[in-house]
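# Fold and geometry: a report
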Amino acid sequence: MNKILIVEDERNVSSFIRKGFEEQGFSVMVAYDGMCGWYAAKAHKFDLIIMDLMLPELNGIELCKRIRKKYDYEVPVIMLTALGSTDDVINGLDAGADDYITKPFHFKELYARAIAAIRRHKSLEPEKIYSIADLELNDETKTVTRAGNKIQLTAKEYHLLMLFLQNQKKVLSREQILEKVWDVEFDMGTNTVDVYINYLRNKIDKNYSPKLIHTVIGMGYVMKDEE
């Protein structure tokens, strides 16, 4: 279920928007001033924020700037306003709004723009869940499971596993692994990579089938679900 925050001080407008989205199956939260909107945005994860430009306590431009600074464009924003001049549109978009709609408006238009904004955002999201065979890594919750069993990894083991999952069936040399996981661009002359590969194998391959991490003699390692 998509979750939307509406920041709108005009009660009749916020009620109108809320009713429309709830009828479409959305979860909706409403804030009636900019500061309450800011606190709500910090406390909850939303799929979309719809905000008025002219708000008490903290106006829409400043609220949008704060959200963008904190969340780095991770949530789409649609700005509503009775002001429709070119400068107002530019100011709203410069603050980080994804779209801009002038009051009065039909709910169908707002809804269509909201769905488009959410879809654009989701299409740009980095992949959160990686899997191979019965192994799954959830990069949002930072959890790893195999055959439904939770596996505890150190930070380096986790990043090593992520590298393999992002490059399935590709042979990775020790130098490539050192560069990506240890941020080292040269062979340190140690068996660090081999040691950590062994650590990882003991956790994700031992007692499981098929084996996922394979040695390619003279070249490196590869993750694949075929022996």
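Residues numbered from 1 in each chain as written. Predicted model: local features only at pLDDT ≥ 70, side-chain atom pairs only at ≥ 80, totals over all residues. Heavy atoms only, no water.

Here we take up the environment of Ser131. In this structure, Ser131 sits in strand β6 (residues 129–132). Note: C-alpha distance between Ser131 and Met162 (31 residues apart in sequence) is 9.8 Å. In contact with Ser131, not counting residues within four places along its chain, are Glu136, Leu165 and Gln168. (Helix = DSSP H or I, 4+ residues; strand = E, 2+ residues; numbered from the N terminus. Contact = heavy atoms within 4.5 Å.)

A separate point is the environment of Arg174. Residue position: Arg174 is located in helix α7 (residues 174–182). The partly exposed category is assigned to Arg174, whose relative accessible area is 31%. Along the backbone, Arg174 and Met79 are 95 residues apart, and their C-alpha atoms lie at a distance of 49 Å. Ignoring sequence-local partners within four residues, the contact set of Arg174 consists of Val193, Asp194, Gly220 and Tyr221. Polar side-chain contacts of Arg174 include one of 2.9 Å to the side chain of Asp194. (Buried < 20%, exposed > 50% of the residue type's maximum accessible area, 1.4 Å probe, protein only. Polar contact = N/O pair within 3.5 Å; in protein donor to acceptor, adjacent residues only side chain to side chain.)

One finds Leu135, Leu161, Phe164, Ile177 and Met223 to be the most contacted residues of the largest nonpolar core, which totals 27 residues. Of all the secondary structure elements, the ones that give two or more residues to this core are β6, β7 (135–138), α6 (155–166), α7, α8 (192–204) and β11 (220–223). The element best represented in this core is α6, accounting for 7 residues. One finds Met51, Leu55, Val75 and Tyr100 within the second-largest nonpolar core, a separate group that totals 23 residues. (Core = buried A, V, L, I, M, F, W, Y, C linked by side-chain atoms within 4.5 Å.)

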